[in-house]
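Here's the letter readout for the chains.
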Amino acid sequence: MKSFQAIVIREKEGRSAGRVEKIQETDLPNESILVEVSHSTINYKDALAVTGRGKICRRFPMVGGIDLAGVVLQSEDTSWPVGTRVLINGYGLGEDHWGGLTQFQRVRADWLVRIPERFSEAEAMAIGTAGYTAMLCVQALQDLGVTPNSGPIIVSGATGGVGSVATMLLAKLGYEVTGVSGKGDAEAYLRSLGATNVISRLELDRRPRPLESEQWAGGIDSVGTTTLASMLAQMRYDGVVAACGLAGGSDLPAFVMPFILRGVTLKGIDSVMAPRERRERAWLNLAQLLDPEQLMAVCQTVAMTDVPSLCEDMLLGRIKGRVIVDVKA
């Protein structure tokens, strides 16, 4: 195998940054499965890692990318024969372990999930960790008794990766969805995904009162801080908020009243180390609910060389929907 391209993140004098480099197969980790990667993605965590704005990488050098999709090229595990189409979300890729922004990668067998037949590798990455996390959030609402008849659902960060897919999924399932965004052109985009209403993030990005008027039966939050606190204060009795991100901050300036006076549930969603059964359920549901054509309509596909600049754009809030990386381009 000749040398191939990867986004390699290196640290120098206490600062880190990622760029396209040539690496060899012998540079790859000593794991049991060699995957020929076709596509990866850019998530918020990837943007923090590649730009060096967040302490994401736990060792250096690191190949970035928390997602990958491709085909098994070599295998020491009979459960994953050569030619199997596979994906990985999380498991420390791009943080503790070399990730998916590369043309080849060696990975552990127990990280793999089969790509559903309905999806191409590109479509699987259009979903990626963001869409898979969105499905975990929707499943959490369902498992805790929130149905379309319970009332409207609020989705923060709705034009981002998680929010976009969550809006699509909830609308498909018959929920009334209100999307929250700070982007001036968000309304037409979110309504095209199935949102019934769109509100400005300024309505939530403030310190809330201990209890506010009951508006929402459920919520999906990828922002954290005052946005999540405001959502909790506005939940209806027995409302549920699935929290999966901290794009706005990691603090939570909230009050206990929603929990003890309205029975509100705050359900944390971890996509990185979620057990296989939960992952497989999520991908089965995604294959049943998502229309690949609708999904690809809210994506842009870029080359590896575009990744560093797009990571900057993502942190500046300039990206809507999903970014697929064609690692061969």
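Up top is the structure these notes are about.
Attention in this report is confined to the structure presented alongside it. (Residues numbered from 1 in each chain as written. Predicted model: local features only at pLDDT ≥ 70, side-chain atom pairs only at ≥ 80, totals over all residues. Heavy atoms only, no water.)

**Topic: the overall build of the chain**
Along its length, the chain carries 9 helices and 16 strands. For the chain, whose C-alpha radius of gyration is 20 Å, the value lies close to the compact-globule estimate of 20 Å for 329 residues. Across its three principal axes, the chain shows a C-alpha extent of roughly 60 × 45 × 35 Å. Within the chain, residue pairs in contact and separated by at least 24 positions form 71% of the contacts whose partners lie at least 6 positions apart. Accessible surface, the chain as shown: approximately 13800 Å² in total, 48% of it carbon and sulfur. (Helix = DSSP H or I, 4+ residues; strand = E, 2+ residues; numbered from the N terminus. Rg over C-alpha atoms; globule rule 2.2 N^0.38 Å. Contact = heavy atoms within 4.5 Å. Areas by Shrake-Rupley, 256 points an atom, 1.4 Å probe, with all protein chains shown as cover.)

**Points about helix 1 (residues 44-51)**
The buried fraction of helix 1 is high, at 6 of 8 residues. By the burial criterion, the buried members of helix 1 are Asp46, Ala47, Leu48, Ala49, Val50 and Thr51. Count one or two residues on from helix 1 and you reach Gly52, which has phi positive near 80 degrees. (Buried < 20%, exposed > 50% of the residue type's maximum accessible area, 1.4 Å probe, protein only.)

**Things to note about the pairing of strand 2 (residues 15-23)**
Strand direction decides the pairing type here: strand 1 (residues 4-12) and strand 2, joined by 9 bridges, are antiparallel. Its bridge partner being in strand 2, Gln5 is matched across the sheet by Lys22. What sits between strand 1 and strand 2 in their antiparallel hairpin is a turn of 2 residues, with Glu13 showing a positive phi close to 55 degrees. (Pairing = 2+ DSSP bridges.)

**Here we look at the sheet that holds strand 12 (residues 216-221)**
With parallel pairing, the 6 strands of this open sheet are ordered in space as 11-10-9-12-13-14. Bordering the open sheet on either side are strand 11 (197-200) and strand 14 (265-268), each of which pairs with just one other strand. Taking each pair of neighbouring strands and ignoring which way they run, the sheet shows an average axis angle of 20 degrees. In this structure, strand 10 (residues 177-181) lies alongside strand 11, joined through 4 bridges in parallel fashion. Each bridged residue has a counterpart across the sheet, and for Gly179 the counterpart in strand 11 is Val198. (Axes fitted to C-alpha atoms, helices over the stretch in contact; angles between N-to-C directions.)

**Some thoughts on the pattern of salt bridges**
According to the stated counting rule, one finds 17 salt bridges in the structure shown. A salt bridge links Glu31 to Arg108; its shortest N-O distance comes to 3.5 Å. Note that Glu31 is positioned in the loop between strand 2 and strand 3 (33-41) and Arg108 in the loop between strand 7 (104-107) and strand 8 (113-114), a separation of 77 residues in sequence. The partner of Glu95 in a salt bridge is Arg58, with the nearest N and O atoms 3.3 Å apart. Here Glu95, found in the loop between strand 6 (85-89) and strand 7, pairs with Arg58, found in the loop between helix 1 and strand 4 (62-63); they are 37 residues apart in sequence, far enough to count as distant. Glu95 sits in the buried class, given a relative accessible area of 8%. A network of salt bridges, in which partner residues are shared, links Lys45, Arg58, Glu95 and Asp96. (Salt bridge = Lys/Arg side-chain N within 4 Å of Asp/Glu carboxyl O.)

**Thoughts on the packing of helix 1 against helix 9 (residues 307-315)**
In contact at an axis separation of 9 Å, helix 1 and helix 9 are set at 120 degrees when each is read in the N-to-C sense. When the axes of helix 1 and helix 9 are compared, the pair comes out oblique. As for the relative orientation of helix 1 and helix 9, their crossing is left-handed in sense. Residues Tyr44, Asp46, Ala47, Leu48, Val50 and Thr51 of helix 1 form the contact with helix 9, whose participating residues are Pro308, Cys311, Glu312, Met314 and Leu315. Its residues placed into classes, the contact of helix 1 with helix 9 shows 8 nonpolar, 1 polar and 2 charged. (Parallel < 35°, antiparallel > 145°, perpendicular 65-115°, else oblique. Left-handed = near helix turned anticlockwise from the far one by under 90°. Nonpolar A, V, L, I, M, F, W, Y, C, P; charged D, E, K, R; others polar.)

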